[in-house]
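# Tertiary structure, described
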Amino acid sequence: MERATDASAETILSRDFAVDVLDGLRQGLQELADASEQQLRDFACTMLVAVICGNRAAFWQIGDGAMCFRIRDSETFQYAFWPDKGEYANETSFVTQANAQQHLEFDLSDCEIVQLAVFSDGLERLALDFTKGEPHNGFFNGLFPYLSPFEAGHAVNISSQIAGFLGSERVTRRTDDDKTLILAALEL
């Protein structure tokens, strides 16, 4: 597998690269399972990846959770893939499944993304309108303004504020599932 730091933008934005990364991840999880004398299924996880290179973006996903983004000169958020739900409640696809490649969603878009949110399934009901099949713009518009005063990189202060929000009664009343949220914004 070619590492992202050693690959060209064309390679990183390809489905073949996504498949190679998935295979490498599965191999690493299998080695971890073997070393700890556990089954691969004990390391079940979903995968959400956004690769943004200038005016192009590749999105990869296996399982639930979602990635929502806003492109330059737009006021609304879009989603890369609607969360993958199986036939039954709380069923989804996992990286550790033998047929994981068949569940890998891939999309390549020509657009300049200025705001990106990646989140786990515990935030789907807050961030997505399942009736309309679209992102809740108000949810994202309430978060991104807090990023603008910070310099590029990880902002510890905003991370603790977001953790406080995600752990608040207002949020936990609506979801008791995993609540992971990653926000990224282009300096405007």
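Look up: the structure comes first, before these words.
Residues numbered from 1 in each chain as written. Predicted model: local features only at pLDDT ≥ 70, side-chain atom pairs only at ≥ 80, totals over all residues. Heavy atoms only, no water.

### Thoughts on the overall build of the protein
Where we set the bar: Secondary structure elements are defined from DSSP: runs of H or I of at least 4 residues count as helices, runs of E of at least 2 residues count as strands, and each element is numbered from the N terminus. Burial classes: relative accessible area under 20% of the type maximum marks a residue as buried, over 50% as exposed, and values in between as partly exposed (1.4 Å probe, protein chains only). When checking whether two residues touch, look at their non-hydrogen atoms; a contact exists if any pair is within 4.5 Å. Each accessible area is a Shrake-Rupley estimate made with a 1.4 Å probe; only the visible protein chains count as cover when residues are assessed.
Secondary structure assignment for the protein yields 7 helices and 9 strands. Residue burial in the protein is summarised as follows: out of 188 residues, 38% are buried. Here the contacts in the protein between residues at least 6 apart in sequence split such that 64% fall between residues at least 24 apart. With the model as given, the accessible surface of the protein reaches about 11,000 Å², and the carbon-plus-sulfur share is 47%.

### Description of the sheet that holds strand E6 (residues 113–119)
Definition in use: In this analysis, strands are considered paired if DSSP registers two or more bridges between them.
Pairing within the open sheet is antiparallel, and its 4 strands lie in the order E4-E3-E6-E9. A strand with exactly one partner marks an edge of an open sheet, and here the two such strands are strand E4 (78–79) and strand E9 (181–185). Bridge count for strand E3 (residues 66–71) against E4 is 2 bridges, and the pairing is antiparallel. Residue pairing across strands places Cys68 opposite Tyr79, the latter belonging to E4.

### Description of helix H6 (residues 156–166)
Put simply, the rule is: An arc is given here, and it is the one of the directions from the helix axis to the C-beta atoms.
Among all positions in H6, only Ile158, Ile162 and Leu166 are buried. One face of H6 carries all of its buried residues, which in axial projection span an arc of 75 degrees.

### Here we look at the packing of aromatic side chains
What counts here: Stacked, edge-to-face and tilted labels apply to pairs of Phe, Tyr and Trp rings (six-membered ring for Trp) whose centres lie within 6.5 Å, assigned for plane angles under 30 degrees, over 60, and everything in between, in that order. Only lysine NZ and arginine CZ atoms are considered, and such an atom sits over a ring when it is within 6 Å of the ring centre and within 35 degrees of the ring normal.
Counted under the stated rule, the structure contains 8 aromatic pairs. For the pair Phe119 and Phe140, a centre-to-centre distance of 6.1 Å together with 40 degrees between the ring planes defines the contact as tilted. Of this pair, Phe119 sits in strand E6 while Phe140 sits in helix H5 (residues 137–141), and the two are 21 residues apart along the sequence. By the burial criterion, Phe119 is buried, and Phe140 matches it. Lying across the ring of Phe130, Arg125 places its NZ or CZ 4.0 Å from the centre.

### Some remarks on the pairing of E6
Burial runs high along E6: 7 of the 7 residues are buried. Of the strand pairs in this sheet, E3 and E6 are connected by 6 bridges, and their pairing is antiparallel. Following the sheet pairing, Met67 is matched in E6 by Val118. Here E6 runs beside E9; their pairing, made up of 5 bridges, is antiparallel. Residue Gln115 lies in a different strand from E9, and its bridge partner there is Ala185.

### Overview of the sheet that holds strand E5 (residues 105–110)
As a reminder, the rule being used: Every axis corresponds to a line fitted to the C-alpha atoms, with the helix fit spanning only the stretch in contact, and the corresponding angles, defined between N-to-C directions, vary from 0 to 180 degrees.
Taken in spatial order, the 3 strands line up as E1-E2-E5 in an open sheet, and their pairing is antiparallel. Each edge of the open sheet carries a strand with a single partner, namely strand E1 (47–53) and E5. If you compare each strand with its neighbour and ignore which way they point, the axes differ by 10 degrees on average. Pairing between strand E2 (residues 56–62) and E5: 6 bridges, direction antiparallel. Within the sheet, the bridge partner assigned to Ala57 lies in E5 and is Ser109.

### A word on the nonpolar core
Selection criterion: To form a nonpolar core, buried Ala, Val, Leu, Ile, Met, Phe, Trp, Tyr and Cys residues must be joined to one another through side-chain atoms within 4.5 Å.
Grouped together as the largest cluster of nonpolar side chains are 20 residues, with contacts concentrated most on Ala117, Phe119, Phe140, Phe144, Leu181 and Leu183. Of all the elements in the fold, those that place two or more residues in this core are E3, E6, helix H4 (124–127), H5, H6 and E9. Look past the residues within four positions of Phe119 in its chain and what remains in contact with it is Leu48, Gly65, Ala66, Cys68, Glu124, Ala127, Leu128, Phe140, Thr180 and Leu181. Core analysis: the second largest hydrophobic core is formed by 19 residues, Ala18, Val19, Ile62 and Val95 among them.

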